[in-house]
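Breakdown of the fold
Here's the letter readout for the chains.
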Amino acid sequence: MHHVSPPRADVQRRRLPVLAAGVLMAMAALLALSLALLDRAPAVAPDGEPTAAALAALRHSLQAQDPRRLSAGSLHRVHLRPVDLQLLADHLLRPVGGAARLTLGDGTLDVQASLPLLPGRAADDWRPWLNVQVQLGDGDGVPPVTALRIGTLPLPAALAQWLIHRAIAHLDAAAPAGSRSLQSALHRVQWQADGAQADIEWRPDLPRRVLAGLLPAAQRDRLQAQQTLLAGVVERGRGPIMLPALLQPAFALARERSLAPGADPAAESRAALLTLALYVIGRSPVGVVPGAASWPRARWRPVLLAGRIDFPQHLLVSAVLAAEAGSPLADAIGVAKEISDSRRGSGFSFNDLAINLAGTRLGESAVHASPALQARLAAGVRVDELVPDVSDLPEFLTEAEFHARYGAVGSTAYLRVLADIEARIEALPLWRRRGA
């Protein structure tokens, strides 16, 4: 007796319900996993912007422990207070809209962090949040992860440990052949209720290697293009050069590169600002990109803005801070620098602060309105379009003079001057042209 196979169409019809059930089960599993991993609200809300005094204290702490004067191979102990660790965490997460809460104990560091997975247009916009809880313990080398939870789902701590080691391996991959692992530079980390300490074997290449691993290849290409252009521009003359004469070709190049398929205009503008900022403060791009040693070297010339050599430095450094880390942080760093200057002797200068704030506006626009800003700067701008007239603002105030005339930062008298500065910036022709 011959066996007769059912027609292919009948077999396919019978399989459809099975396939549909499988798809529905997979979708249900993904939905359940998403509900377990994602939340409708952040578990940690930002505590507000850092104060100038807190940022100044952090900078002073890091400068006091700067290991660059040590000989290679020396063991260096770094101490960080709980407030320092919190500021560093906030600085890393604020650009992406996240927040973290760090709790130190004897032998443990508990980290609770919230990251938005989608940008929200307003505070009440719904968007999914990734709420993560990690606990680290003391240890030799990389601190061990002792607990991990994402959303409501506990996960194996070994998963987080594996991700950390993968990140270190990624950084090591950018190092020259034969270099020692970054992990071997970290000897011991200890957590205490009053702070953290880490024993690090100092190597001169450590900062550059970390930066090289964190900097995407596309951004290295952007910086190389800007550095090559800058080297050619400054070679065509002698003596001081006006900042607008550098901004125009840099943003013309950024605009041209932004027209390519898949280009990122904001990243192109950031590269232009960072290249110029490094140049005006006399820093080589090698400090950011180790491979930049083979790039064209830009012969240094004094760069002036409104007749002053310090104004381009204030403007561009503040612009980079705003473009990379958000305007409130850039404002706070600008104030912190002026407060610090008043204690070192140069004095608090409202005109420097005004240029800082103008730079912040420039950096904000480089991110949020990059194509329009590129077009405007590529066309060329005058000094009075770029920064306000600040010649009548008080400067070189000692700490005692500042407190006698204005009290503290945030006082009514201080805020009155700040409001005047902000009104001058808002009235600049560069910003009155809508779209920039």
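These notes cover the structure that comes with them. This one's a predicted model, so the numbers in the text were calculated from it and none came from an experiment.

**Re the overall build of the protein**
- Along the backbone of the protein there are 16 helices and twelve strands.
- Considering the protein as a whole, with its 436 residues, one finds that 43% of them fall into the buried category.
- Taking contacts inside the protein between residues at least 6 apart in sequence as the whole, the part at least 24 apart equals 66%.
- Taken as a whole, the protein presents about 23,100 Å² of accessible surface, with 61% of it coming from carbon and sulfur.

**Here we look at the packing of aromatic side chains**
- Going through the model one piece at a time under the given rule, you end up with seven aromatic pairs.
- Aromatic pair F348 and F402: ring centres 4.6 Å apart, planes at 40 degrees, arrangement tilted. In this pair, F348 sits in the loop between α10 (327-344) and α11 (350-368) while F402 sits in helix α14 (residues 399-406), placing the two residues 54 residues apart along the sequence.
- Residue F348 is classed as buried on the basis of its relative accessible area, which comes to 1%.
- Within the aromatic cluster, the residues linked to one another by ring pairs are F348, F350, F402, Y406 and Y414.

**Comments concerning the sheet that holds strand β9 (residues 186-192)**
- Across the sheet, which stays open at both edges, the four strands sit in the order β2-β10-β9-β6 with antiparallel pairing between neighbours. Single-partner strands in this sheet number two, and they are β2 (75-80) and β6 (139-140).
- Bridge count for β9 against strand β10 (residues 195-201) is six bridges, and the pairing is antiparallel. Residue pairing in the sheet places Q192 in a bridge with G195 of β10.

**Quick look at the environment of P156**
- Along the polypeptide, P156 turns up in the loop between β8 (153-155) and α4 (157-173).
- For the pair P156 and T146, spaced ten residues apart in the sequence, the C-alpha separation amounts to 8.9 Å.

**Examining the pattern of salt bridges**
- For the structure shown, the criterion picks out 15 salt bridges.
- Across the pair D84 and R81 runs a salt bridge whose closest N-O atoms are separated by 2.8 Å.
- What makes D84 buried here is its relative accessible area of 0%.
- With a shortest N-O distance of 2.9 Å, E268 and R257 are connected by a salt bridge. Of this pair, E268 sits in helix α8 (residues 265-280) while R257 sits in helix α7 (residues 243-258), and the two are eleven residues apart along the sequence.
- The class of E268 is buried, set by a relative accessible area of 4%.
- Looking at R257, the relative accessible area reads 27%, which means it is partly exposed.
- Taken together, the shared-partner salt bridges connect R308, D310, D352 and E395 into one network.

Reading guide: rules and limits
- Residues numbered from 1 in each chain as written.
- Predicted model: local features only at pLDDT ≥ 70, side-chain atom pairs only at ≥ 80, totals over all residues.
- Heavy atoms only, no water.
- Helix = DSSP H or I, 4+ residues; strand = E, 2+ residues; numbered from the N terminus.
- Buried < 20%, exposed > 50% of the residue type's maximum accessible area, 1.4 Å probe, protein only.
- Contact = heavy atoms within 4.5 Å.
- Areas by Shrake-Rupley, 256 points an atom, 1.4 Å probe, with all protein chains shown as cover.
- Phe/Tyr/Trp six-rings, centres within 6.5 Å; stacked < 30°, edge-to-face > 60°.
- Pairing = 2+ DSSP bridges.
- Salt bridge = Lys/Arg side-chain N within 4 Å of Asp/Glu carboxyl O.

Coordinates in, geometry out; function isn't part of it.
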